[in-house]
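If you want the building blocks of each chain, they are given just below.
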Amino acid sequence: MTSPFPLRRTRRVVAGFAGLVLLASGLTACGAAAAEGGGTRVKGGTITYAHVQEPPCIFGGWIQQAYISRQVLDGLVTEDQDGSVKPWLATSWDVSPDGLTYTFTLKDGVKFTDGTPLDAAAVAYNFDQFENTDLNGTAKVSMEPYYKSAEAIDPTHVAIHLTQPYPQFLTLITQGYFGIESPTALKTRSKEENCEKPIGSGAFTVEKWKKGQEVIFKRNPNYTSWPSTAKHEGPAYVDEIKWKFVPDGVSRYASLTTGQSDVIYEVPTVNWKDAQSRFSNTIRYITPGKPVSFYLNTKAGVFTDKLVRQAFAYGADRKGAVEAGFHGVIPYEGNPSVSQSTPDYNEQAAKAYAYDPDKANQLLDQAGWKKNADGVRTKGGKPLTVKLVYGAGFIFTSEGATVLQALQEQWKKVGFDVKLVPATMAELWGGKYADPSTFDATPSYWTSPSPAILWIVWRPNTEKAPNGNNRSFYNNDQLSKVIQAANTQTDAAKASTLYQQAQQIIQDDAAGVGLYTQNTLIAVANDLKGFWVEKSQGEPIFSDAYFVK
Amino acid sequence: MTTLAPDVLAPVTPTALPARRSVRAARRAALKAASAVAVLIAAASVTFFAQLAIPGDRATIILNLQNGREQKWSSSELSPVNEKFGFDHPLLTQYLHYVGGFFKGDLGTSYTQYRPVTSVIGAQILPTLVLTVGALVVAWIFALVVTVLTVRRGRAVTGIGSSFEAFTASLPHYWVGVILLVVFAVKIPIFPVIGGDGLWGTVLPVLTLAIPLSGFLGQVTRDEFDKVLDQPFITTARARGMGDTAIRLRHALRHAVLPAITLSGWALGALISGAVIAENIYGRPGIGQVLVTAVNTRDVPTVAGIVLVVAAVYIVANLLVDLAYAAVDPRLRAS
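Here the residue numbering is sequential within each chain, running from 1 through the sequence in written order. To read the labels, note that chains go from A and ligands from 1, taken in the order they are written. Only residues with pLDDT of 70 or above have their local features reported here, since the model is predicted, and side-chain atom pairs are shown and tallied only from 80 upward, although totals for entire chains, interfaces and linings are computed over all residues.

Draft legend 1. Unusual backbone geometry, seen in detail. At His327(A), a position not held by glycine, the phi torsion is positive, near 55°. Going along the chain from the N terminus, every DSSP run of H or I of four or more residues is numbered as a helix, and every run of E of two or more is numbered as a strand. Tracing the chain through its elements places His327(A) in the loop between α13 (318-325) and α14 (347-350). Although it is not a glycine, Arg152(B) adopts a positive phi angle of roughly 55°. If you trace the backbone, Arg152(B) turns up in the loop between α6 (117-150) and α7 (155-169).

Structure follows, in structure tokens:
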């Protein structure tokens, strides 16, 4: 950069008003008009994107890695806005009548950016690596229950064999986790090289990763494998993306309003209204999959009693707390098992346990918990204490923590003594709170475009087949059977009924308690057009974006 | 540096004494170097074991980080990771391996980035040093200017000076950073919001760290300055007809800065830990960010490596403090 100010073109217009970042008061729409009505496309340019988390590698099983790997890796298929699965590297596919074999026809002549042909053998190799190595643990767990093998029939035909029919398979492989990498790169390069500069066939290549600062992506001029859902055919319009890591929300939003970035991720909810009035393209994407909801420990402690779990759900105005805490931007989600943007969502189940302190008191009385002078209930001399462990700073932002504090006050009124325990990433991910003896409730999310997430999360946790994701330690045979029946049901309507039944079981038993949806909040500068987020996970798409004058 | 001693003794033994003196100096230097290395190893060792003492399994967190989860893993899933990173060896073996590597300039490999720790740190140390040393220098300038201009200048001016110091010393870094950002990068867009490690982008992060520190340094300098101005030699100087400004700069200041010099050694180390806040706000690369991430991900070799570097900075800073003392205080040169 030659100038110390990466300010560009007309975006100076909005710069003067940026002082509102702290005040977040309403303002007159000033910036929006400047770029409305199209304008002419500028050739090339650099998109500066301000993201939050810096992942350890460019690809992997964390949602943050799916976002970034999408820029360099292409997938077999992609999900359209209506939820249907559309061609990408695979131009078409056939499902065998027994539902056990998916045969994909690959686009001809596609090459990885290292020159290796992207053929059936390369795809088969990637799927084999997903299943049998640590290449991508989320890809593995998404297809594992039914994956058998991958087979290259001829250079353009690859067959994936399953052990049972699994119609959700197609939807699941639209996620960024299933990006196809060059087998030559995987086999011959070091883990470090593949981590920093994975080789795909995507619209961009990793040019440089300045750790702690940014990843620079360069346009792939020979790009031929855009998805069928792309907004234009051909290589990306822009020359470069600067994918910056800006953890502080005030700075991130200020970088956009001063024109120093073109797209920002996770607009602070306090600035959302302001962003909507200034920028013509703001995106609120509600992530499908498990929402941010509480797992309740059904194996040890106070929540082994279903009545107490239900009382906990009734006992606080979760909807009100979420709306207040996130300024009405992030929606409340009453369904603990899947969020409202997930296919086969059970809307009815989501309505259960609306705030009702009387009902909560009545259930606790019924369960034998008596109110003490200090307001905390006790039973057999033991207080009704709930140890609520939450990931502070990474699962829960400070806004999220405010929601928990509001809820804590309300739970206190019905007799719960809720202890909020903020956990660091090292503690939570290091397994300090993995054991049933260490917590009573813990909130978290798991994104997925398919209700098959129910099996990943709620599969019984047994000695023989441990399931660490089932953080409620909730083993219910009936639930297990219903989800398995849904997963392998080839009739979509019947499968939907079964998935909804599974959600109902979880809700009826209060094995979890809903809170809010996981989201992607994005704002785009007015002189950048064509930016969008894809459907399966909300991965940002820069290959169709271009600047206008 | 000159002393009187060689001149006095010169006729007796013209060459032997300087030689003996240089031997002694060399021995002292060697001793200092050895103790520095010992301190470094001790720092790395304490970090190494402290990291292992924190609850949480390293293999578990590596898997959770790779997969974005918070779950428990089965032993069959954990064992390949344990084997790859050598976690299955006894702790003592792991430790000796680590310390052995230290002498070969090998600080181990990051668990999460798969890169040697030396390259992880090497890429990030310069922006942090620029930030912290810059902040120290700027803080000194602020502190000295405010002190020299306001001590004993009448009640009002003195009051303004000391209030300014008390106020800035109590400011939290994050608050200073955000206010500077909003005022000088957003309202009056002079500086970039996310400036990276460029010169222009370094100004606000440096000020973020320098302003609270300047208040702190100013406070200790002010007390000393005030006392020195009552000393007889100041009166003598005045009696000689020396002007007030000259007295302040040439006589009083020398005495007054000694406590602040002592503090600077500590401040440089403390600034490195404060750097993470400035780095976060301004999207700046640096070792603070790396340290926070590494602590969060139980990346033991990276954490230990950074602690090692910070310890080295402390050692060098204290050495510089000793030298600065000698330069400022002539009494120390004779001894």
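Draft legend 2. Just the interface of chain A and chain B, in detail. Contacts here follow a simple rule: the backbone-placed C-beta atoms of the two residues must lie within 7 Å. Of the residues lining the interface, 50 residues belong to chain A; the matching set on chain B comes to 49 residues. Secondary structure elements with two or more residues in the side of chain A that touches chain B: α2 (20-23), α6 (137-143), α9 (191-196), β10 (240-245), α10 (249-257) and α17 (425-429) of chain A. Each residue gets one label: Ala, Val, Leu, Ile, Met, Phe, Trp, Tyr, Cys and Pro are nonpolar, Asp, Glu, Lys and Arg are charged, and the others, such as Gly, are polar. Taken together, the residues of the side of chain A that touches chain B sort by class into 23 nonpolar, 18 polar and nine charged.

Draft legend 3. Geometry of the domain arrangement of chain A. Residues and elements named next belong to chain A. By the assigned domains, chain A splits into domain 1 (14-56 + 202-286 + 519-549), domain 2 (73-189) and domain 3 (289-517). Taking only C-alpha atoms, the centre of domain 1 and the centre of domain 2 are 29 Å apart. Counting from both sides, the interface comprises 13 residues of domain 1 and, opposite them, 17 residues of domain 2. In the side of domain 1 that touches domain 2, the residues fall into one nonpolar, nine polar and three charged. Domain start and stop points were drawn from an automatic or database domain assignment.

Draft legend 4. Representation of the sheet that holds strand β14 (residues 370-371) of chain A. With antiparallel pairing, the three strands of this open sheet are ordered in space as β14-β15-β16 (chain A). Of all the strands in the sheet, just β14 and β16 (382-383) of chain A have a single pairing partner and so form its edges. Strands pair, by our definition, only if DSSP identifies at least two bridges between them.

Draft legend 5. Spatial organisation of the nonpolar core. Structurally, a nonpolar core is described as a collection of buried Ala, Val, Leu, Ile, Met, Phe, Trp, Tyr and Cys residues joined by way of C-beta atoms within 7 Å. Any residue surrounded by 20 or more other C-beta atoms within 10 Å of its C-beta is treated as buried, while 12 or fewer makes it exposed and the intermediate range makes it partly exposed; C-beta atoms here are placed from the backbone. In terms of nonpolar packing, the biggest core is built from 237 residues, with Leu454(A), Ala502(A), Leu181(B) and Ile306(B) touching the most fellow members. Top contributing element to this core by residue count: helix α9 (residues 199-228) of chain B, with 13 residues. Non-local contacts of Leu181(B), meaning those with residues more than four positions away in its chain, are made with Val250(A), Ser251(A), Ala254(A), Val186(B), Val193(B), Leu204(B) and Ile281(B).

Draft legend 6. Focus on the domain arrangement of chain B. All names here are of chain B. Each assigned domain of chain B is listed here: domain 1 (24-103) and domain 2 (120-334). Each of domain 1 and domain 2 has a C-alpha centre, and these two points are 33 Å apart. Between domain 1 and domain 2, the residue contacts involve 13 residues of the former and 10 residues of the latter. Elements with a minimum of two residues in the side of domain 1 that touches domain 2: α2 (16-53) and α3 (58-67). Of all the elements, α2 adds the most residues to the side of domain 1 that touches domain 2, at nine residues.

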